[in-house]
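# Observations on the model geometry
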Amino acid sequence: MLFSSLTMIGAGFSLGLLHAFDADHVMAVSTLSTRKPSFNSTIKQGLHWALGHGGILLLCGLLLFGIGFEIPATFQSLAEASVGVLLILIGALCLKKCRQQSLKLVRHTHGDIEHTHWQIVDRDSQKPVQENDHNHAPAMVGMLHGLAGSAPALALVPAMASGDLISALTYLLIFSLGVLIAMMTFSMGLGATQKYLLNVSARLFQYMRYGISLVAMAFGGYWLMQAI
């Protein structure tokens with residue numbers, strides 16, 4: 001019994017770690033992070049994405065193993081195609097924002113200490129760009145990814161949980177924990193990279209934002225072609 005539980009924990013956690021690094025997941029979080037590029041903001045984007053992904057996966061597991069409701073295959077196919085469309089839209093929106101924005105070095109004085117940092121401003125007005133810290137886009141994107149990729153994760157649950165609802169939800173929770181930890185690790189790495197590039201060259205940092213947006217659009221188009 002103990003060996004079976006450890007196997008379930010190990011398998012769920014390991015698969016969750018790997019699942020987080022699926023190309024569409026990494027691309028979506030990377031692109032969303034360009035809206036307000038900072039170390040803390042990038043970590044928040046990854047956290048909210050992972051919570052949305054895990055929440056919808058647990059809901060799907062509850063519906064399937066709790067009341068026997070199965071998500072139609074056509075609906076999952078639609079969700080898969082929607083991931084491609086969403087990547088294209090996010091990439092296009094971020095590309096538009098990059099063209100409308102620039103970086104400005106701002107100096108603040110706190111007592112006798114002068115503090116400088118880069119700030120994203122509107123290219124025409126030079127006014128600071130305010131992003132909504134309570135934006136729910138990352139969580140919604142995570143939910144869509146969780147819905148689109150629910151079939152492979154749910155298919156393994158009966159073998160690991162032996163038909164028990166509590167064991168099934170526990171497995172999905174452990175799987176989602178692996179996803180969360182992996183995505184947080186990726187987000188910290190991405191945030192550190194953004195911070196480094198910003199310190200090295202503002203222009204190089206802007207090129208990174210352009211590059212991520214363009215790659216997201218290209219990958220979204222490829223994903224959409226594969227899904228339809």
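Anything mentioned here points back to the structure above.
Position numbers for residues start from 1 in each chain and track the written sequence from start to end. Where totals are concerned, whole chains, interfaces and linings use all residues; where local detail is concerned, this predicted model gives features only for residues with pLDDT of at least 70, and gives and counts side-chain atom pairs only at 80 or more. Here the side-chain values reflect all heavy atoms present in the structure, with hydrogen atoms and water set aside.

## Some points on the overall build of the chain
Secondary structure elements follow DSSP: runs of H or I no shorter than four residues count as helices, runs of E no shorter than two count as strands, and numbering proceeds from the N terminus. Scanning the chain from N- to C-terminus turns up 9 helices and 2 strands. Each residue's exposure class comes from its accessible area (1.4 Å probe, protein chains only) as a fraction of the maximum for that residue type: buried when under 20%, exposed when over 50%, partly exposed otherwise. With 228 residues in all, the chain has 40% of them scored as buried. For the chain, the exposed surface amounts to about 12300 Å²; the carbon and sulfur share of it is 67%. Surface accessibility in these figures is a Shrake-Rupley result with a 1.4 Å probe; residues are shielded only by whichever protein chains are displayed.

## Quick word on the nonpolar core
The set of buried Ala, Val, Leu, Ile, Met, Phe, Trp, Tyr and Cys residues whose side-chain atoms join them within 4.5 Å is what this entry labels a nonpolar core. Core analysis: the largest hydrophobic core is formed by 38 residues, its most contacted members being Met27, Trp49, Cys60, Leu87, Val141, Leu147 and Met183. The dominant element in this core, judged by the number of residues it contributes, is helix α8 (residues 165–200), at 10 residues. We call two residues in contact when some of their heavy atoms are within 4.5 Å. Each residue touching Met183, except ones within four places of it in the same chain, is listed here: Ala20, His25, Val29, Gly46, Trp49 and Ala50.

## Side note on the packing of aromatic side chains
The geometry of an aromatic ring pair comes down to the distance between the two centres and the angle between the two planes. Ring geometry is summarised as follows: Phe, Tyr and Trp rings, the Trp one being its six-membered ring, pair when their centres sit within 6.5 Å, and such pairs are stacked at plane angles under 30 degrees, edge-to-face over 60 and tilted between the two. Enumeration according to the criterion identifies 2 aromatic pairs in this entry. Their ring planes at 40° and their centres at 6.3 Å tell us that Phe219 and Tyr222 sit as a pair that is tilted. Of the two residues, Phe219 and Tyr222 are both situated in helix α9 (residues 202–227); the distance of 3 residues between them amounts to about one turn of the helix. Between Phe219 and Trp223 the ring centres are 5.9 Å apart and the planes differ by 45°, which places this aromatic pair in the tilted class. Within this pair, Phe219 and its partner Trp223 are both found in helix α9, separated by 4 residues, close to a single helical turn. According to the relative accessible area criterion, Trp223 is partly exposed, its value standing at 21%. Here the aromatic residues Phe219, Tyr222 and Trp223 are joined through ring pairs into a cluster of three or more.

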